[in-house]
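A structural walkthrough
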Amino acid sequence: MASPMRNLLTDLDRYVQSFRVFLERSTEHQSMQGFVERHLPDVIASIGNGKSTINVLSVGSGAGEMDLQILSKIRARYPGATINNDVIEPSADQISKYKERVAQASDLENIKFAWHKETADEYESRMNAEKKTKKWDFIHMIQMLYYVKDIPATIRYFHSLLDSQAKLLIILVSGKSGWETLWKKYGSSFPLEDLCSYVSSGDLPRMLDSAGLKYQLYELPSHLDITSCFTEGDKDGELLLDFLTETIDFAKTAPPELKRQVMEELRKPGCSEIRDGKVFFNNSQGVIVVEP
C-alpha cells in the first residue's frame, strides 16, 4: 500500500511555516551569530585584499537573516569596497521577506543585491548554459546541502568558483547532534522522494579529503525546544515534527508504530535532554570553512 507520507519540500509554503517555528523555538541563529561575531572576522580577513569590489554568493539564503550579519562583518573589514551580494533561493516567499529586511535596514550602503529564484542545482545549470564562470570572494551555503542532488559534486562546483583568496563557508547539522541520532535511525522511513538527503558535518571531511580540499571545522552548540511536539493537536508542535522528519503532517500521516518510535526517540538522551519539564533537542551545528 502506498504511504500517505509526503516530503515537506513538495509544499514550500508549509516548509517555510515549519522552518519559521523552528527558528522561533531554537537557538539556531543565535549560535550562528556567535560564530559570525567570534570567528568570521578571521575567516574573511584577507578575502578582499587589494579589491575595490567584493563579490559574495549566498546559496540558499532563506529570508536573509544571516546574510545581513555576514555582510556587515565584510563591510566593517573593507569599509571602502563595493559589495555585490548575489542570492540563490528557491522560495518566492523567503525572497520577498529578504527584500523587506533589506528595505528596512539602515546600514547597507555600498552593498548591491541581486536575487535569483532558483535552487543551487538550477544556478549551476544556468551558469553552464550561459557559459559563465564568475569568480567569488566569499560563498556561503548555510543549512542547504540537504537539498541538492549530488553533495560532493555541488561542493566541488561552488569551490571551483572561488577566487584566489576566497573562502567557502558551509553550515550543517553536527554529526554529534540529535539530528544524527534521529536520521541515522529513521531516515530511511521518512519520505525523501529524491528531494533531500541527510548529511551532517561529520560526513564532510571524507568528501573534502577525497577532493583534496583544505578546511577548518567548528562546532556550534544549539538546542531546540520540542516540548510542544508532545501535546496532541498543538499546531506549532506539529509543524516542528514536520521539520524534524521532513514530512508533511507527520503527526497525522505517519504509520502509528513509526510515530510512536520517533516520539519515543525524541525524548531519549541521544536526541534531547529534559530540563524543568521541557524537552530540548540537541540542534548543534558544524561549520566548515573551505580554503580556495
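Structural data are supplied above this passage.
Residues numbered from 1 in each chain as written. Predicted model: local features only at pLDDT ≥ 70, side-chain atom pairs only at ≥ 80, totals over all residues. Heavy atoms only, no water.

Assigned secondary structure in the protein consists of twelve helices and ten strands. Against the globule reference of 19 Å for 292 residues, the protein gives a C-alpha radius of gyration of 19 Å, in line with a compact fold. Each of the three principal axes of the protein carries a C-alpha extent, and together these read 60 × 40 × 35 Å. Taking all 292 residues of the protein together, 53% fall into the buried category. For the protein, contacts bridging at least 24 residues in sequence account for 81% of all contacts bridging at least 6. Accessible area for the protein stands at about 13000 Å²; split by element, carbon and sulfur atoms hold 51% of it. If the 35 positive side-chain charges of the protein are averaged to one point and the 42 negative ones to another, these points end up 3 Å apart. (Helix = DSSP H or I, 4+ residues; strand = E, 2+ residues; numbered from the N terminus. Rg over C-alpha atoms; globule rule 2.2 N^0.38 Å. Buried < 20%, exposed > 50% of the residue type's maximum accessible area, 1.4 Å probe, protein only. Contact = heavy atoms within 4.5 Å. Areas by Shrake-Rupley, 256 points an atom, 1.4 Å probe, with all protein chains shown as cover. Lys, Arg positive; Asp, Glu negative; His and termini not counted. Charge placed at Lys NZ, Arg CZ, Asp CG, Glu CD.)

Counted by the stated rule, this structure contains 24 salt bridges. Between Lys97 and Asp93 there is a salt bridge, with the nearest N and O atoms lying 3.7 Å from each other. With Lys97 and Asp93 both in helix H5 (residues 92-104) and four residues apart, this pair spans about one turn of that helix. The exposure class assigned to Lys97 is partly exposed, which follows from its relative accessible area of 30%. Given the relative accessible area of 27%, Asp93 is considered partly exposed. Here the salt bridges do not stand alone but share partners, grouping Arg14, Lys235, Glu238, Asp242, Asp249 and Lys252 into one network. (Salt bridge = Lys/Arg side-chain N within 4 Å of Asp/Glu carboxyl O.)

What follows concerns the environment of Ile155. Assignment of secondary structure puts Ile155 in helix H7 (residues 151-159). As a C-alpha pair, Ile155 and Ile83 span 72 residues in sequence and 23 Å in three-dimensional space. Those residues in contact with Ile155 that lie beyond four places of it in its chain are Leu145, Leu168, Ile170, Leu204, Met207, Leu208 and Leu213.

Taken in spatial order, the seven strands of this open sheet run S3-S2-S1-S4-S5-S10-S6, and their pairing is mixed. The open sheet terminates on both sides in strands that have one partner only, identified here as strand S3 (111-116) and strand S6 (215-220). Averaged over all neighbouring strand pairs, the angle between strand axes comes to 15°, with direction disregarded. As judged from the six bridges shared by strand S2 (residues 82-88) and S3, these two strands associate in the parallel manner. Paired with Asn85 across the strands is Phe113, a residue of S3. (Pairing = 2+ DSSP bridges. Axes fitted to C-alpha atoms, helices over the stretch in contact; angles between N-to-C directions.)

Moving on, we get to the sheet that holds strand S8 (residues 272-275). Strand pairing within a sheet occurs via backbone hydrogen bonds; the two strands may be parallel or antiparallel. Taken in spatial order, the three strands of this open sheet run S7-S9-S8, and their pairing is antiparallel. Because the sheet does not close on itself, it has two edges, and the strands there are strand S7 (223-225) and S8. With strand direction ignored, the average angle separating the axes of adjacent strands in the sheet is 30°. Pairing analysis gives four bridges linking S8 to strand S9 (residues 278-282), with the strands arranged antiparallel. Within the sheet, the bridge partner assigned to Glu273 lies in S9 and is Phe280.

Turning our attention to the pairing of S9. When a strand is regular, its side chains alternate between the sheet's two faces. Bridging between S7 and S9 involves three bridges; their strand directions are antiparallel. Note that in S9 the partner of His223 across the bridge is Asn282. Counting the residues in the hairpin turn of S8 and S9 gives two residues, including Asp276, whose phi is positive at 50°.

Glancing now at the environment of Arg126. Here Arg126 is to be found in helix H6 (residues 120-129). With residues near it in sequence (within four places) discarded, Arg126 still touches His116 and Glu118. Looking at Arg126, its side chain comes within polar contact range of the side chain of Glu118, at 2.8 Å. (Polar contact = N/O pair within 3.5 Å; in protein donor to acceptor, adjacent residues only side chain to side chain.)

This part covers the environment of Met144. Locating Met144 in the fold gives a position in the loop between strand S4 (136-142) and H7. For Met144, a relative accessible area of 7% puts it in the buried group. Sequence separation of Met144 and Pro4 is 140 residues, and the distance between their C-alpha atoms is 26 Å. For Met144, the contacting residues outside a window of four places in its chain are Val59, Gly60 and Ala120.

In this structure, Ile139, Leu145, Ile155, Phe158 and Ile170 are the most contacted members of the largest nonpolar core, which totals 65 residues. Every residue in contact with Leu145, bar those within four places of it in the chain, is listed here: Ile151, Thr154, Ile155, Ile170, Leu172 and Val199. (Core = buried A, V, L, I, M, F, W, Y, C linked by side-chain atoms within 4.5 Å.)

With that settled, the discussion passes to the packing of helix H8 (residues 178-186) against helix H10 (residues 235-245). At a minimum axis distance of 10 Å, the contact between H8 and H10 shows a crossing angle of 70°. The angle between H8 and H10 falls in the class roughly perpendicular. In this structure, H8 contributes Trp179, Leu182 and Trp183 to the contact, and H10 contributes Phe243, Leu244 and Thr245. For the contact of H8 with H10, the class distribution of residues is five nonpolar, one polar and no charged. (Parallel < 35°, antiparallel > 145°, perpendicular 65-115°, else oblique. Nonpolar A, V, L, I, M, F, W, Y, C, P; charged D, E, K, R; others polar.)

Moving on, we get to the packing of aromatic side chains. Throughout the structure, instances matching the rule amount to 19 aromatic pairs. Between Phe19 and Phe22 the ring centres are 6.1 Å apart and the planes differ by 20°, which places this aromatic pair in the stacked class. Here Phe19 pairs with Phe22, and both are found in helix H1 (residues 12-25), just three residues apart, close to one helical turn. Residues Phe19 and Phe22 agree in their burial class; the two are buried. (Phe/Tyr/Trp six-rings, centres within 6.5 Å; stacked < 30°, edge-to-face > 60°.)

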